[in-house]
Amino acid sequence: MTLKVRHLNKRYKTTTAISDVSFELTEGIYGFLGPNGAGKSTLINLITDNIRRDSGEILWDGQEICRLDKKYRDVIGYMPQYQGYYKGFTARAFLLYMAQMKGMKKKEAFERTDELLKTLNLWKVREKKAGSLSGGMRQRLMLAQALLNDPKLLILDEPTAGVDPQERIRIRNYISTIAKDKIILIATHIVSDVEAIANQIFLMGGGKVVEHCSPEALIAKVSPYTYMTTVKSATEIHGLEQMFIVSNIHNSEDGIQVKLIRKRSTDKEMDEAICHPVMANLEDVYLFYFSDRSDEV
Amino acid sequence: MKQLRLISIFLCMCFICSACSGTKQASDNSAESSSQQENIEIDLEKSLQNYAGSDYHFDTDYQSYFDRPCITKGEKGYYYWLDNRIYYYDTATEQNVALCSKAECKHSDETCNAYFNEDFSGDKDSFVNSYVQYYDGSLYVVGVDPKGKVNLYKVAADGSSRDRYMTLFKQNINSVSGDQMIADFTYPDICIHRGYVYYINNMESEPKLYRAKLGSDRSEVIYENEGTHSTTYRIKPYGDRVYFQSGNFTDEDQVNVEGGIYAYDIEKQKVSLYKESAISDYLFYEDTLYYSTAEGICRAAEEKGSDDDRIIETKSSHADFFLLNEQTIAYMDDRDMVVCDFKDKKEHVIRDDRMDVCYFGDGSIFFAGGAEDSASVLLLIRADEIGTADKWTNAMNVEE
Amino acid sequence: MMELRRLLYHKKTIVFILSLVLLQLAMLSYGFYHEKPEEPAMPASQHEKQVQDIMEECNRYLGISLFADTDSFAYKNVRQTKEDYSRILSVEQPDADTAFFDRLISFKGTNAVCIMIGIILALTYQDPESGGLKALTYSAKNGRGIRRLKQIFVLMIWSGIAVLILYGGSLLTGLLLIGSDGWKILGMPLQTLSLCRLFPIPVAVWEYLLLFLFFKWIILFELTAVIWFLFLLIGNLILASGAVVLLFLAEYIVWMAVGVTSSWNLLKYCNLWYHLSSNEYLYTYLNLNVGNHPVNRQWVILAAAFLLIFLLAVFSYLKGEYAKGDRVKWEISIVFPFWARMQERLNLLTAEIYKLLVIQKGCILILLFMAFVVMQSDFMHVSNTGYQEMYYTFMEQYQGLPTEESERYIRDLSKEVNAVTKEYDEADQRYAGGEISTDEYFSILMKYDTFYNERKFVSIVEQQRDYLLQLRDKKGIEGWYVNSFCYQSILEPVLSLKYGLFMIFILLTAFASVKVERDASMFRVLNGTVLGRKHLFYKKAAAVGLITAGMYLIMMIIGLASAVHVYGISAWNAPVQSLEPYYHVPLHISLLQGIILYYAGLLFLTILISVGFTLLFQRFRYDT
């Protein structure tokens, strides 16, 4: 099973939302990282056929998704960025309704609904109105409806928005467990959502895919630019910002430990007595690519 | 010759006998019209202030002694309609005042307590200027609201408040404009007696007599004339009976009626025919019926089967009348009030050009509506003057 | 102080308020220069006599039995009136041109501007329920009840400032325009003003104007406090605005419905609508019955305003203090599980119907519409006019094919009516020519009037007869006499208010089928499901079609039932062409068949329109 995107383009009036994006996905978890306005949600809407593309192709198993129509929608599960639900429906009733929407038979719908409610810890609140659930519970409800038809292509747009760390970890772990034999797309600007579980990361910025490879490869690329130093006062940090991106500041007994990422425009080698190299993480990668760049890679 | 004399005597005898014979009439009692302007002393002790009978309760009984319901007796005075306002005539001081305690009020618009709108313009209540009744401490008047509902309104005795009290019936006059409404709308005959409202909806082609409990919006039919071209009118409650007249028009002009007086027994809730062929004014005194006919005023016989007694021959047919005491009657001959002592065969006429319509009275004062110097006025005569006065007295002694 | 300054941060609001002030100033000045002042009802020279007349009238009234009961309101009112007017009996009034002052205190344009300023002030000081602002303020030490009281206090201050600017500005402008005469008038007795000749308060004009300003201040404050409180109570801007409109509408209706002389007239005068729309209580004398005691109207109004403001302050304080986190919400434990079960068993079509009727509150709209249909039906018909009664009696007897008897009846009655009409016409001419007396003329006129119903009846039935003759002659169809009132009620024309509202109902229902998804942000999710596109749209169209068809059937049943109830239908077998509007119907069918076709056709049209509009509105399913 493959999802191929070829030379996809989308413009909104004067703004280019997606510019010549192409990639191919097979089973696995794919993280789409990028700042707000990078084009992640537009890409998702194009893949779910919610908006019209200007040009390009989206192929599922070699066939154009528009031509597949219902057959394509039968294999996808979509969790939108903004929670969509009927306030007056109970959690269970909402899932049963969505199961009907997905063309599931009654018996199968009831079984699957109850299974997901239990799995996602929503069983106790199954008869509460969706509008009265907490933010985290609603996110789980959205995830549950996306999983109802056991989709082959699972698309999650900001799945952990507005959710506490524990909840975030729970959702992330759950996604990991169900990832076998599925293509899972996670669009997010929260690095930790995909850092531990994604097979590949797509960095998106300005409607383009800036970089895509495995998290380890990305880290390896950025690590040579990553340093740690200790300063005495906060004013010294301002001086460092000319050449570096400040990734982390930590107060310790020895002074202020500052993690720095050298800007790509700076060729100067660093004096290792002052700054010693350290291992980068995905946040550093994010900063390296998206914070105040004036030149292209 | 002898035969001729006998025939002549016989003929003379015939002439003499014919002068003495005829139907039983109270010709001994009828006053000759030639004996005009004789003063008649009215014995007030025998007057009919309580003529409504021992069963009469002032607070809750209809005042059948008035011939028109546009005047009513209160505790210490009289309320009456004049130019779409209600006025009060104080018996003690003989003063008139509009039913409005606001001394600064001009009594000329709806802000006045005494003023009642009579313009059927369709956006406010309009009132019937021919009905007011004092009942159990309050006044009641009739009006129509913009939706065509005919309502009874309760007015405080001092005029300080006025509220819709109950709905009698609804007229379908929604599509009718103001002028047409006036042409189309005929006021009901109405009276309140012992806790019930009795009324006749004159808008019906065959009017029926209805009854509604005071304060309730539900009415019941208590009498319906089965015949065609029927009419029901002149309700006069006395004690535990409500009398009314009903009949059928015999001509196309709907002027001549054949009918009678009916009695509705309040306790038994049954209607029975009381008197046939009595279609004009009538009254009861001590359970004896007096009624007007084409020839005069009759007194119903006490025993059934006996002939009624025609006590007065009137100058006009079907005259409205009033019994002053057991021997004196006042009746209307066009605009003249003729006071007749039918025992002493005396007659006194009060002729006053100002008088338009006589309301009669409660036995102590008699009222009439009239006009003087182009203004509507209330006229009155006291019971002790009625046999001697030449003119009515203008009761309106207050400038507006 | 920060609460007070809060308004100052809304610069656009201040500019708007000032422009309103200037506008009303312009209107006032324009009116002063261009409108002809009304002649005073009473010149100054007659004032003393008028007051004396009132006092004498009071004395006269006290002697009359009608007002003699010392416990009655009327007696007390007369005494109060006498006492009040005695205070201005000896007031001297110089002659002066007081037109400007009269206009100032009676000008309603300023009232309108006051209302707008009141609304603006209230809106400025309302906090939205949603968003973080409420959470911020409620967690602060003085952020609850105390804050509410401060806001009310501030509204009072701003109301006073607004009134001062509005009326004070107008007064100053006027004084500048009039010149020194205006200043002189300020020192004269109040009764110098022609509007206030009989207003028994023994004060100077300037003192009266202060009192006037005070009243206007309290009234504006009252308005502002009421609107502010409604917004506080309801929270939602749109709902609160609706509540304000409803409140004013209710007050207006009460003001119109309660008569001046009603025993409920306190409701009329203690009424915000009245306070805002009228100034007469500040220059015309009236005592109101308060617990059987006469109280001057303006003091009643002032007391009512103070009471209302006090109550609003108390309730707003309590509401502010009530936001406690330990409030427990109770579910309806019996009903809700049943409701949940029902939701779980909805199929796609019933889910769409559920969304429309429950989520979008369509059931409320249906109830309102049904109430309207019932009100419009013949069930509300109470009684008939005279000619209608005659018509129904005729139909009861002669309904069916025209017979010799029916024709004879019409002919005879027509002859009779024409004779009376002719008699009246002749009498009219002769009266105009002085040939007959007034009594004779009125006697004939009264007779003519009594034939009103017969005339109307004959006109209707002759028209029907002529039509049937035409039908027979031109089309060869033997039409029947049928009760046209009855069938007009059943076969109501489509271009009517009822059907117009029904059309609006269809449109609203169709639009709601889209709106429910937009409100729930569900369209993108549904779009990604197998049945979430065309299939869903068809279900929506079916749901809307079913609902509107159901509504139409209920309308039809109510219409038919009410017609049967009032008229008692018969003559089903009559040719449909017996009714004049259906002259051109080419089919040879009976009335019954015609009615069935009529209703079936309208039902089909209803479904077609509703489905069509639903599918059309699907184009607006996305919110961006």
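Since the structure is predicted, the reported quantities are computational estimates derived from the model, not experimental observations.

Student: Could you give an account of the overall build of chain B, naming the residues involved and the relevant values?
Tutor: When its secondary structure is counted, chain B shows 2 helices and 28 strands. Pairs at least 24 residues apart make up 42% of the contacts formed inside chain B by residues separated by at least 6 positions.

Student: For the overall build of chain C, give the residues involved together with the corresponding values.
Tutor: The number of helices and strands found in chain C is 26 helices and 2 strands. Taking the intrachain contacts of chain C between residues at least 6 apart in sequence as the baseline, contacts between residues at least 24 apart amount to 76%.

Student: Help me get a handle on helix α6 (residues 108-124) of chain C, residues and values and all.
Tutor: Residue and element names in this part refer to chain C. Taking 1.5 Å of rise per residue, the 17 residues of α6 would be expected to cover 24 Å, and the 25 Å separating its terminal C-alpha atoms lies within 8% of that figure. Within α6, the full set of buried residues consists of T110, V113, C114, I117, G118, I120, L121 and A122. At its buried positions, α6 is contacted by α2 (11-34), α8 (145-178), α10 (205-234) and α13 (272-277).

Student: Give a detailed account of the sheet that holds strand β25 (residues 355-361) of chain B, specifying residues and quantitative values.
Tutor: Residues and elements named next belong to chain B. One open sheet accounts for 4 strands, arranged β25-β26-β27-β28; its pairing is antiparallel. Either end of the sheet is taken by a strand with one partner, and the two such strands are β25 and β28 (393-394). Inspection of the sheet shows strand β27 (residues 375-382) paired to β28 by 2 bridges, in the antiparallel sense. The partner of L380 across the bridge, within β28, is T393.

Student: Account for the packing of α6 of chain C against α10 of chain C, with residues named and values stated.
Tutor: Residues and elements named next belong to chain C. One way to put it is that α6 packs onto α10 with a least axis distance of 8 Å and a crossing angle of 40°. Between α6 and α10, the interaxial angle falls into the category oblique. Considering only the axes of α6 and α10, their crossing is right-handed. For the pair α6 and α10, the contacting residues are C114, I115, G118, I119, L121 and A122 in the first and K216, L220, L223, T224, I227, W228 and F231 in the second. Of the residues in the contact of α6 with α10, the class split is 10 nonpolar, 2 polar and 1 charged.

Student: How would you sum up the interface of chain C and chain A? Please name residues and give values.
Tutor: If you look at the interface, chain C gives 22 residues, while chain A gives 25 residues. Those elements that provide at least two residues to the side of chain C that touches chain A are α15 (335-344), α16 (348-359) and α24 (523-527) of chain C. Residue composition of the side of chain C that touches chain A, by class: 13 nonpolar, 7 polar and 2 charged.

Student: Please give an account of the interface of chain C and chain B that cites residues and values.
Tutor: Listed as interface residues are 37 residues of chain C and, on the opposing side, 32 residues of chain B. Mapped by element, the contributors of at least two residues to the side of chain C that touches chain B are α3 (47-62), α4 (73-86), α18 (386-398), α20 (438-450) and α21 (452-475) of chain C. Of the residues assigned to the side of chain C that touches chain B, the class counts are 15 nonpolar, 16 polar and 6 charged.

Student: Tell me about the nonpolar core, and please be specific about residues and values.
Tutor: The tendency in soluble globular proteins is for nonpolar side chains to be buried side by side. Core analysis: the biggest nonpolar cluster contains 116 residues, and Y80, V141, I329, A330, F367 and L378 of chain B have the highest contact counts within it. Per-element tally for this core: the top contributor is strand β5 (residues 126-135) of chain B, with 6 residues. Sequence-distant contacts of V141 of chain B, defined by excluding residues within four places in its chain, comprise F116, F127, V128, Y131, V132, Y153 and V155 of chain B. One finds Y72, L95, F244 and Y289 of chain A within the second-largest nonpolar core, a separate group that totals 112 residues.

Student: An account of the sheet that holds strand β24 (residues 346-350) of chain B is needed here, citing residue identities and associated values.
Tutor: All names here are of chain B. One open sheet accounts for 4 strands, arranged β21-β22-β23-β24; its pairing is antiparallel. Of all the strands in the sheet, just β21 (321-325) and β24 have a single pairing partner and so form its edges. On average, each strand axis in the sheet is inclined to that of its neighbour by 20°, with strand direction left out of account. Alignment of β21 against strand β22 (residues 328-333), held across 4 bridges, turns out to be antiparallel. Among the inter-strand pairings, L323 is bridged to a residue of β22, identified as I329.

Conventions adopted
Throughout this description, residue numbers start from 1 for each chain and increase along the sequence as written. Key to labels: chains lettered from A, ligands numbered from 1, both in the order written. At least 70 in pLDDT is required for a residue's local features to be given in this predicted model, at least 80 for side-chain atom pairs to be given and counted, and no such filter applies to totals for whole chains, interfaces and linings, which use all residues. Secondary structure elements follow DSSP: runs of H or I of four or more residues count as helices, runs of E of two or more count as strands, with numbering from the N terminus. What counts as a contact here is a pair of residues whose C-beta atoms, placed from the backbone, lie within 7 Å. A helix is expected to reach a length of 1.5 Å times the quantity of its residues less one. Three classes are used. A residue is buried when 20 or more other C-beta atoms lie within 10 Å of its own, exposed when 12 or fewer do, and partly exposed in between, with C-beta atoms placed from the backbone. Each pair of strands is called paired provided DSSP finds at least two bridges between the two strands. Here, axes are lines fitted to C-alpha atoms. For helices the fit covers the stretch in contact, and angles between N-to-C directions go from 0 to 180 degrees. Reported orientations rely on four angle classes, namely roughly parallel under 35 degrees, roughly antiparallel over 145, roughly perpendicular from 65 to 115, and oblique for the rest. Left-handed is the label given to a crossing in which the near helix is rotated counterclockwise from the far helix by less than a right angle, and right-handed is the label when the rotation is clockwise. Here the term charged refers only to Asp, Glu, Lys and Arg, the term nonpolar to Ala, Val, Leu, Ile, Met, Phe, Trp, Tyr, Cys and Pro, and the term polar to all other amino acids, Gly among them. By convention the nonpolar core is taken to be a set of buried residues drawn from Ala, Val, Leu, Ile, Met, Phe, Trp, Tyr and Cys and joined through C-beta atoms within 7 Å.

By themselves, these observations are geometric and do not establish any function.
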